[in-house]
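Each chain, letter by letter, is given below.
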Amino acid sequence: MDDPRELRRLLAWYVEAGADEAIGTVPRDRRTVAAAAVAPPPEPAAAPVAAKPAPPPVRPALPPAVRPAAAQGVLVPADAAARTAATLAAACPDLPSLAKALAAFEGCALRLTATNLVFGDGNPNAKLMLIGEAPGADEDREGRPFVGAAGQLLDRMLAAIGLDRTSVYITNILPWRPPGNRTPTANEVTVCLPFLRRHIELVNPKVLVVVGGTSASALLGVGDGITRLRGRWQLYRGAPGNERPPIPTMPIFHTAYLLRTPAKKREAWHDLLTIKQRLAAETAGN
Ligand code: URA
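These notes cover the structure that comes with them.

Definitions and limits used
Residues numbered from 1 in each chain as written. Predicted model: local features only at pLDDT ≥ 70, side-chain atom pairs only at ≥ 80, totals over all residues. Heavy atoms only, no water. Pairing = 2+ DSSP bridges. Helix = DSSP H or I, 4+ residues; strand = E, 2+ residues; numbered from the N terminus. Contact = heavy atoms within 4.5 Å. Axes fitted to C-alpha atoms, helices over the stretch in contact; angles between N-to-C directions. Core = buried A, V, L, I, M, F, W, Y, C linked by side-chain atoms within 4.5 Å. Buried < 20%, exposed > 50% of the residue type's maximum accessible area, 1.4 Å probe, protein only. Near = heavy atom within 4 Å. Polar contact = N/O pair within 3.5 Å; in protein donor to acceptor, adjacent residues only side chain to side chain. Areas by Shrake-Rupley, 256 points an atom, 1.4 Å probe, with all protein chains shown as cover. Nonpolar A, V, L, I, M, F, W, Y, C, P; charged D, E, K, R; others polar.

### Considering the sheet that holds strand 4 (residues 207–211)
Right, so step 1: Spatial strand order, 1-3-2-4-6-5: six strands in an open sheet with mixed pairing. Bordering the open sheet on either side are strand 1 (121–122) and strand 5 (234–236), each of which pairs with just one other strand.
Right, so step 2: Across the sheet, helix 13 (residues 265–283) touches strand 2 (128–132), strand 4 and strand 6 (247–252), and the angle it forms with strand 6 is around 165 degrees.

As structure tokens, this is what we get:
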């Protein structure tokens, strides 16, 4: 296919399907990898008299973390994967062990299409913890949350109230990038939430900020959209049965939305000042 218009159309088709960047110089057929990961073991040779041993089945090498049950994520129902996630997360006494457990967790298929696990960034002893939705292309490439354009806006907003990554901690609902930056599915959120809940317990912030509607509904369990929620304090109560004190939580507009809708920055500024005041009150005397 040499016609540049055809090539442009093909490229547009790829982008629409979620393949919106080149992340390697060598193509990798992920269907082959996934299919091999779930292929049944080879049948034992039927006739013991076979003169020559059967050649070993040809399979592409699998990346070390990809093993059959995990490879598809879909093979494990979301609630079962979430129970496994909760057990694994509960056993983690600190952030490095949580990051390690998450990196080894095979219950979410997003790990197969992501380049990097995006765990968290900032000061693990921070009083303020921000939770976004999911890594985008820049975060996936760097393995750090909020480093792209939306992250740079977040940094500027934090700077406006005297904060930066040495004084806050940042993570996301999902630690892997959904292909094409699509919205996380309910199952992906369900499966990854136990790790995030443990993440919050280990950082133990005084104040939480949920950045955008997806994070707000995942953590607060409320159906209201972000336009109704933002600017009003909510309580994050943890998983059902959690006995720790609830954490005051402020939902704010997602910074990616603010980039597209600058007129909303006025409301975001108001929310930032509210957060600043609450943080001062929560940390007074410490
Ligand atoms: N948007 C998010 O919600 N999280 C990131 O890390 C980057 C962009």
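Still more to cover.
### Side note on the nonpolar core
Right, so step 1: Core analysis: the largest hydrophobic core is formed by 62 residues, its most contacted members being Leu 128, Leu 130, Ile 200 and Leu 219.
Right, so step 2: Not counting residues up to four positions away in its chain, the partners in contact with Leu 130 are Leu 154, Leu 158, Val 168, Tyr 169, Ile 170, Thr 171, Val 209 and Val 211.

### Quick word on unusual backbone geometry
Right, so step 1: The residue Asn 181 is not glycine, and still its phi comes out positive at about 60 degrees.
Right, so step 2: Relative accessible area serves as the criterion here: at 42%, Asn 181 is assigned to the partly exposed category.
Right, so step 3: Phi at Asn 204 takes a positive value of approximately 55 degrees, unusual for a residue other than glycine.
Right, so step 4: Residue placement: Asn 204 occurs in the loop between helix 9 (186–203) and strand 4.

### Points about the site of the ligand
Right, so step 1: Close contacts around the ligand come from Gly 132, Glu 133, Ala 134, Glu 139, Pro 145, Phe 146, Asn 172 and His 254, and that covers them all.
Right, so step 2: One of the backbone N or O atoms of Ala 134 is found 3.1 Å from a nitrogen atom in the ligand.
Right, so step 3: Within the side chain of Asn 172, one N or O atom sits 2.8 Å away from a nitrogen atom of the ligand.
Right, so step 4: Taken by itself the ligand offers 240 Å² of open surface, and the protein chains cover 92% of this.
Right, so step 5: Taken together, the residues that form the shell around the ligand break down as three nonpolar, three polar and two charged.

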